[in-house]
Structures are given as C-alpha cells and as structure tokens.
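# Summary of the model geometry
So you can see what is in the structure, the chains are spelled out below.
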Amino acid sequence: MDKRILLPLVILPAFQTGNMQAADQPAKRPNIILFMVDDMGWEDTSLPFWTEKTHYNEVYETPNMERLARQGVMFTQAYASSISSPSRCSLITGTNAARHRVTNWTLQKDKTTDRKDSLLDIPDWNYNGVSQVTGTNNTFVGTSFVQLLKNSGYHTIHCGKAHFGAIDTPGEDPHHWGFEVNIAGHAAGGLASYLGEENYGHTKDGKPTSLMSIPGLEKYWGTETFATEALTLEAIKALDKAKKYNQPFYLYMSHYAIHIPLNKDMRFYEKYKKKGMTDHEAAYATLIEGMDKSLGDLMDWLEKNGEADNTIILFMSDNGGLASTSEWRDGPLYTQNYPLLSGKGSLCEGGIREPMIVSWPGVAQPNTRCDKYLLIEDFYPTILEMAGVKDYETVQPIDGISFVPLLTGTGDPSKGRSLFWNMPNNWGNDGPGINFNCAVRNGGSTPRAPGEQGGVAQHHDDDDPQGNAADEEHAEDAGDHEDAIHRRIEDLPQLRHRVGAAGQLSIDEVAGGSSGKDKRGSQVEAGQQKPQVHRHEAQAHEGDDVGRREDLACHLLGDLFPISLPFDHEASCSFPTKTGPSTRVRRTCR
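None of these values were measured; they are calculated from a predicted model.

The next subject is unusual backbone geometry. Trans is the prevailing form of peptide bonds, just as negative phi is the prevailing case for residues other than glycine. Geometrically, the link from Ala257 to Ile258 is a cis peptide bond, its omega value of 15 degrees lying close to zero. Tracing the chain through its elements places Ile258 in the loop between β7 (249-254) and α9 (269-273). Between Ile260 and Pro261 the backbone carries a cis peptide bond, its omega angle lying at 10 degrees. Phi at Asp39 takes a positive value of approximately 60 degrees, unusual for a residue other than glycine. Phi is positive for Tyr200, close to 55 degrees, though the residue is something other than glycine. Turning to its location among the elements, Tyr200 is positioned in the loop between β6 (181-183) and α8 (227-243).

Okay, structure coming up:
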C-alpha cells in the first residue's frame, strides 16, 4: 500500500492536528447533519426558492422545509452537478468534476455507463469513482472530509445512499470514507424498490433482484415500512447511540428519495390524488412529503434530546429533478422544474440549481435568504470550518470555498468567482443541455449550456434569475451549426482570459483530454496519479483564485476538445467523431 496516502489520513498531520484541534475547542462542538435529497428539483417543495410561488409550491407539501427555513438561511442559487456521482464525488473530496473526472454515474467496476453514441467518442473518465487510496484504475484519489472530522473527534454516521465508488472498489463502502456507522449505503445510486412488501428489492430467501437492491434493512422486510421511513428510524437509533458517546456527531442523512422508481408512499398518496394529480405526479409528491417528514422527525429528535441549539443542519439536493422522460413524469417534458428549464442530466438551470437551507443556531440569521451562489464542493471546507478543523492536509487540491461568510454576514466568496461544470458524456436521456456539455458561470452571470454537442458554454450577464432568457435571444437554427462551431472556437481566448489562463493554457494541455490525462496530474489509470500533500489553513474566504481557475479550465477544456485547437481563429475546426466532422443538430436551452 502506498504510504504516501496513509500519512495525511492516519498517522500525521490530519490525525494529530485534528486531535489537537479537538482539545483546543470548547467542550461543546456543534453536531452537524447534512440532509441530502436525491434528484430533488429547485421547486419540488412548498417553500418558494424563486421570487414568487409556482404551481409546484402550491401542490407539494413540505412543512418541515418551511420550518427549517424559518430557523435558518435559504440559498436561492446553490448549485451541484447535473448527475448524482459527480456531485457526491465533489462533496466527499472537495474537488470540481472537471478535476476528479467522475463525470457520469458509476455502478460496476471497469464498466462505463454511457449510452453509445453514433457520432462522438466518450473521453476516458473515472468510471470507478473516487477513493482514499491508490491501486484502482480510472479512480480519483482524495482525502475525505469525513475522515478529517473523525480524526478530530467526531462520531460519524452514514445513512442511505452513498454512490462514491463502483462495486468492488474501495470507495463503494462508506466505512472507507471515515464513517464509523453505515446504514444501507453501497455502490448503487438508485434503488430497486421503496416498498417493504418487496423487501426493498430482495426475494423471500434474501437474494437481491437488482444491483440497486437496498442492503441492510432486513428487519423491515415484509412490512409496510417505506424505505424513507425505514432509513429515518435507523438514523434515529444511531443518534440515540451517539448521544451516549459524549462527543459531537456528524450525520450524513442521504435519502434515496426522490429517485425513481416512483413507488407510492400510501401515507400521503390519496391526499395528492384528491388534488387532481395524475398517478405519476401524485406518487412523486408522496416521495417529496415522505422525505420532508424524515427531516421533521430528525428535527423533533434534536429538540426532545436537547441538541437543537447545538446542531447545524444543512439541506441540499445532488442534482435537479427528473424532467426528460415521460415514463416517469407527466406533462410537457423539460418543464417539471419551472421556472427553470430542463432537469436532471442537463446543464441548464433546471439540472444544476438546487434547494438549499442551512440552520446554524446562534450564528446564521434565522428566516433569511441568500442570493449569492455556491457549488457543492464548497460543503467540504465549510463543514470542516463549522467543526473547528482549521488546519489539515489532503492528497488533493481543494476547489471548494467555504461559504461560512455567507452565513455570518462577514464576506462574499462568490464575488468574482467562476463556477465550472463538465459533462463530456452521454447520460442516456435527451433534452436541452443534456449530454456532451459543459458550462461556466463567470462572475454575476448565470450558466448557459452549450447549444451543440461538444460546444463551449456561453454566458450572459442579465438579471434573469432563471438563466433562460438569454438562450432564447441567442438561439440559432440547426442550419447554423457550422457557424456556431466557429463562434465557439473564437470564444475560447475570451474563456481562457476569464478563467485566468490566458497565455498559459497550451494546445498540448488541451489535447490531453483524448487520453484522459493532462499535464497537471489528472489521472484515469492506476498509478498515474501521484498524490501530493496539500496543507490547508484557515481560509481568507477569497472568492476566486487564479491558480484554481487555470487548473480547472485545463481539465474542463481537455475533455471538451481532445484535439489540437487553432487558437489563431483561422484554421477550420470540428469536433472528433467516429465518421468525421459532427453534423449533429444543435439543441439550445430556451
């Protein structure tokens, strides 16, 4: 085993520093609960994150999200990746998807999940996920913030969906990431069934019917206990135990809801049918309310056990709501996250903007809203700062920036910052902003996904809070595809300048994407990554960093353009395909 990985994780800086920190902290360090919902859209709630109520706010019922918002801060421009694995890998490692290169969902070892494409080849990506140790090909190696919490004295609990690494890789098991307790977490990112009557995807003799079958809930087999409820009951039992330990706890309450299949939670189903909803939409609404009840049950436990005033709760979703298939959603496609366009899998706003709330008693101002923007990798340094872990070492650079100043009112880390999304894959569904795309949000602009597959994202700097209006204004006909390609090429110098890489990003570095490697250390094959110790001290909370922007731009452009690009703007250029230049009809985010 490579001892270079063990040093920062177990022996020296992280462990010793963490214990010294714990000793120096007040006796009562805060408990932390990260409540993560799967596939929840920005408006899948009765709590409006927009400036006005929508139809969805009127029909869904999430009283406990409203309760949490009254106690804390609503973030109206919180972002994640458009698919589960990239978001969760960013969360656990603090790195952007353009760096960790887990850009599609993972499941089986050494198998990609991309849909075959007749024209475009998929760049080699890290389809085995992330890990804390080397030795597995197509894997990004990073230090877990949960490991750092554990080393500093926290009792760490995982409950629900994990989805960090593929089956039979170290990263599949939450214990590997520093969790002392794991409830029902494994490699899969979905579930076979929510129903206890169906043993959550197991036969009567205990055999899983699917790779998505939920493990570890055998005591509820054959009952009418919905999976969301079973996970909540188990989480509360873990909290009962944690309270006896006389140490702060970190609970990652990571629900499988509201991922498909849309099984009906009969505790709520009839109520939504009486509202006139279709079977699919009523079932979807029950998954939302069941998730909300879980949130309320945890908040009730905190109050009954005298922990409410000393517990931080962070509420987040890993990507936008499903909006690209009529198999599961009713109504016109790509409208299910209105007023945002598109949904899960898309780099339009509907796929990446998430409902987020943070309650920090005695620190964050209750019943307030924050319109500054952040990205999911920001949770890594934020949670460590909340826990008082100020000095630590990792084997990977950290792209996330703490958003604690947004909670304390002491600064704005989003000012002048660029956000990056990279999805050079074929997810499986189609629609606006889906497949072979990237996006950049630069400064005060909102991201606009590329129009044609493989194109560079455009930006607009208007006051449209949905990030959709400018796409209508700039939409071109399919016949303009070739001209649009050239305009994207002409945009590259400006993009390079915006990300701080002007004059520093070489053609060779851009070309590195074809092999899944670049000169800055991104790896996809076993042994390629050379972990280095990165020391992190208390942040100054600056909103941007030229080195970080340059590095991420290199990773992002390397995947988008796995060929040498003519930066003189004169030579013709097209994207690599299996049969020649791409002539695919463009799609725009309108």
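Next comes the rest of the description.
Once that is clear, we can look at the packing of aromatic side chains. In total, this model carries 15 aromatic pairs according to the counting rule given. Judged by centre distance (6.0 Å) and plane angle (85 degrees), the ring pair of Trp50 and Tyr338 falls under edge-to-face. Taken together, the positions of Trp50 in the loop between β1 (31-37) and α3 (55-59) and Tyr338 in the loop between β8 (311-317) and α11 (349-352) put the pair 288 residues apart, joining distant regions of the chain. A relative accessible area of 11% places Trp50 in the buried class. Relative accessible area serves as the criterion here: at 46%, Tyr338 is assigned to the partly exposed category. Through pairs of rings, three or more aromatic residues link up here, namely Phe145, Phe179, Tyr250, Tyr252 and Tyr380. Taking the ring centre of Tyr284 as reference, the NZ or CZ of Arg329 above it sits at 3.7 Å. Sitting above the plane of the Trp42 ring, Arg353 keeps its charged end 4.9 Å from the centroid.

This part covers the sheet that holds β6. Strand order in the open sheet formed by eight strands is β6-β5-β7-β1-β8-β9-β2-β10, and the pairing between neighbours is mixed. Of all strands in the sheet, those bounded by a partner on one side alone are β6 and β10 (368-375). Averaged over all neighbouring strand pairs, the angle between strand axes comes to 15 degrees, with direction disregarded. Pairing analysis gives seven bridges linking β1 to β8, with the strands arranged parallel. Of the residues in β8, the one forming a bridge with Ile33 is Ile313. Strands β2 (73-79), β8, β9 (353-359) and β10 of the sheet are contacted by helix α4 (residues 63-71), whose axis makes an angle of about 55 degrees with β9.

Within the largest apolar cluster, 62 residues are counted, with the highest numbers of intra-cluster contacts made by Leu251 and Phe315. Counting residues per element, this core draws most heavily on helix α10 (residues 279-304), which supplies twelve residues. With residues near it in sequence (within four places) discarded, Leu251 still touches Ile32, Ile33, Leu34, Ile157, Cys159, Leu239 and Leu298. Counting 49 residues, the second largest nonpolar core, distinct from the first, contains Cys89, Tyr127, Leu148 and Phe379.

Conventions we followed
All chains use their own residue numbering, which begins from 1 and follows the written sequence. For a predicted model such as this one, the threshold for reporting local features is a pLDDT of at least 70, and the threshold for listing and counting side-chain atom pairs is 80 or more; totals across whole chains, interfaces and linings nevertheless cover every residue. The side-chain values count all of the structure's non-hydrogen atoms but skip hydrogen atoms and water molecules. Here a helix means four or more residues in a row that DSSP labels H or I, a strand means two or more in a row labelled E, and each is numbered from the N terminus. Pairing of aromatic side chains requires ring centres within 6.5 Å, counting the rings of Phe and Tyr and the six-membered ring of Trp. Pairs whose planes differ by under 30 degrees are stacked, by over 60 edge-to-face, and all others tilted. Summary of the burial criterion: residues with accessible area below 20% of their type's maximum are buried, those above 50% are exposed, and those between are partly exposed, where the area comes from a 1.4 Å probe applied to protein chains only. Only lysine NZ and arginine CZ atoms are considered, and such an atom sits over a ring when it is within 6 Å of the ring centre and within 35 degrees of the ring normal. Here, any two strands with at least 2 DSSP bridges between them count as paired. Lines are fitted to the C-alpha atoms to define the axes, a helix being fitted only along its stretch in contact, and any angle between axes, read from their N-to-C directions, falls within 0 to 180 degrees. Residue contacts follow a heavy-atom distance rule, with two residues in contact if any of their heavy atoms lie within 4.5 Å. In plain words, nonpolar cores are sets of buried Ala, Val, Leu, Ile, Met, Phe, Trp, Tyr and Cys residues tied together by side-chain atoms within 4.5 Å.

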